[in-house]
Amino acid sequence: MQRIVVLTGAGISQESGLQTFRGPDGLWNHERIEDICTPQGFARDPLRVDRFYNGLRAQLPSVHPNAAHRALAILEQAGRNGDWPGHLTIITQNIDDLHERAGSRNVIHMHGELLRLRCTHCHATPAWHTDCTPDTPCPDCGAAALRPDIVWFGEMPYHMEAIAQRLAACDLFVAIGTSGVVYPAAGFVDSVADHADTMLFNLEAPSGRSAFDQTILGPATRTVPAWTRDLLNA
Ligand code: APR
């Protein structure tokens with residue numbers, strides 16, 4: 001039984017039409033992280049933060065999973081129904097729902113999800129809906145204390161215990177479409193190096209020495225399906 005953990009970043013959704021955070025047209029070229037992606041930025045100007053995430057949410061209905069998302073979903077399903085002697089876990093840094101819409105079920109969102117909110121009073125995580133505003137009362141406790149259910153800089157990512165367990169048990173760690181500059185995700189490859197093979201699928205080579213055993217450069221919609229096809233036909 002092969003146990004694969006795949007870490008995805010914004011690059012896997014780029015060919016679906018969602019912007020990455022860094023690079024030529026990255027989101028952080030147009031906004032300052034400290035204004036948008038920190039608890040302090042939200043406290044200073046919640047409406048500005050809401051506008052940013054509502055702008056991303058507004059794109060979701062018109063973007064669709066691409067061949068890379070679908071290839072991972074097919075591999076996971078093949079493991080479930082016995083067509084491939086393996087098990088696939090996706091740990092995603094992405095806040096979009098493209099893995100789920102491609103059919104993946106074993107997905108861990110370590111940076112939260114665009115389509116959820118979180119109550120800072122009772123910690124409920126209600127679904128976001130179009131007429132939510134920072135004044136919308138929490139459906140569970142009634143407090144006007146809802147914020148995007150996104151992990152911001154300076155906050156602990158979600159599900160770190162489950163992530164550590166899967167990393168410790170995997171024999172192949174694959175990163176797809178991530179610049180590898182944000183921890184703790186950027187450190188996952190080092191944490192598995194003593195017991196797993198490692199592969200990076202990315203559009204461009206990482207800056208500096210790559211910590212990965214193998215680096216496959218190119219658009220994920222070409223490189224990832226070729227890899228999963230080889231696994232399924234082995
Ligand atoms: N195919 C493969 N890789 C791609 C593609 C593509 N079509 N397009 C872009 N990439 C690569 C880029 O070369 C880059 O290395 O995807 C990577 C995207 O990097 P980032 O924009 O930094 O996104 P990510 O690594 O997911 O960012 C991590 O930073 O701002 C925080 O919380 C945010 O989760 C995010 C975290």
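As the structure is a computational prediction, the values presented were derived from the model and not from experiment.

Right, let's get into the domain arrangement of the protein chain. Taken domain by domain, the protein chain holds domain 1 (1-18 + 65-111 + 157-233) and domain 2 (19-62 + 113-150). For domain 1 versus domain 2, the separation of C-alpha centres amounts to 25 Å. With 15 residues of domain 1 at the contact, the number on the domain 2 side is 14 residues. Overall, the association of domain 1 and domain 2 removes approximately 1,200 Å² of surface from exposure, summing both partners, and the carbon and sulfur fraction of that is 61%. Counting the contacts that link domain 1 with domain 2 gives zero salt bridges. Taken together, the links from domain 1 to domain 2 amount to four residue pairs in polar contact (both at pLDDT 80 or more). Looking at side-chain class alone, the side of domain 1 that touches domain 2 contains six nonpolar, six polar and three charged residues.

Within the open sheet, the six strands sit side by side as S3-S2-S1-S6-S7-S8. Their pairing is parallel. The open sheet is flanked by strand S3 (107-109) and strand S8 (214-217), the only strands paired with a single partner. Strand-to-strand twist across the sheet, computed as the mean angle between neighbouring axes with direction ignored, equals 20 degrees.

Glancing now at the site of the ligand. Lining the immediate environment of the ligand, one finds 22 residues, of which Ala10, Phe21, Arg22, Thr178 and Ser179 sit closest. Between the ligand and Phe21 there is a distance of 2.8 Å, counted from an oxygen atom to a backbone nitrogen or oxygen. A distance of 2.8 Å separates an oxygen atom of the ligand from a polar atom in the side chain of Trp28. Expressed as a share of its isolated accessible area of 740 Å², the protein-covered part of the ligand is 95%. Each of domain 1 (1-18 + 65-111 + 157-233) and domain 2 (19-62 + 113-150) gives at least three residues to the shell around the ligand.

Looking at the element boundaries, His109 is found in strand S3. Classification of His109 by relative accessible area gives buried; the value is 5%. In terms of polar contacts, His109 uses its side chain to reach the backbone carbonyl oxygen of Asn94, at 2.9 Å. Residue contacts for His109: discarding those within four places in its chain leaves Thr92, Asn94, Ile95, Asp96, Glu100, Tyr158 and His159.

Here we come to the nonpolar core. In this structure, Ile4, Leu72, Val174, Ile176, Val224 and Trp227 are the most contacted members of the largest nonpolar core, which totals 21 residues. For this core, the leading source of residues is helix H5 (residues 67-80), giving five residues. The residues touching Ile176, leaving out its near neighbours within four places in the chain, are Val6, Leu7, Thr8, Gly9, Ile12, Leu72, Phe201, Ala220 and Val224.

Taken as a whole, this structure holds nine salt bridges when the rule is applied. Note that Glu155 and Arg147 form a salt bridge whose closest N and O atoms lie 2.8 Å from each other. Its relative accessible area of 23% is what places Glu155 among the partly exposed residues. Taking relative accessible area as the criterion, Arg147 reaches 6% and is therefore assigned buried. Taken together, the shared-partner salt bridges in this structure form one network comprising Glu31, Arg32, Glu34, Asp35, Arg44 and Arg48.

Reading the values: the criteria
Residues numbered from 1 in each chain as written. Predicted model: local features only at pLDDT ≥ 70, side-chain atom pairs only at ≥ 80, totals over all residues. Heavy atoms only, no water. Domains from an automatic or database assignment. Contact = heavy atoms within 4.5 Å. Buried area = accessible area lost by both parts, 1.4 Å probe. Salt bridge = Lys/Arg side-chain N within 4 Å of Asp/Glu carboxyl O. Polar contact = N/O pair within 3.5 Å; in protein donor to acceptor, adjacent residues only side chain to side chain. Nonpolar A, V, L, I, M, F, W, Y, C, P; charged D, E, K, R; others polar. Pairing = 2+ DSSP bridges. Helix = DSSP H or I, 4+ residues; strand = E, 2+ residues; numbered from the N terminus. Axes fitted to C-alpha atoms, helices over the stretch in contact; angles between N-to-C directions. Near = heavy atom within 4 Å. Areas by Shrake-Rupley, 256 points an atom, 1.4 Å probe, with all protein chains shown as cover. Buried < 20%, exposed > 50% of the residue type's maximum accessible area, 1.4 Å probe, protein only. Core = buried A, V, L, I, M, F, W, Y, C linked by side-chain atoms within 4.5 Å.

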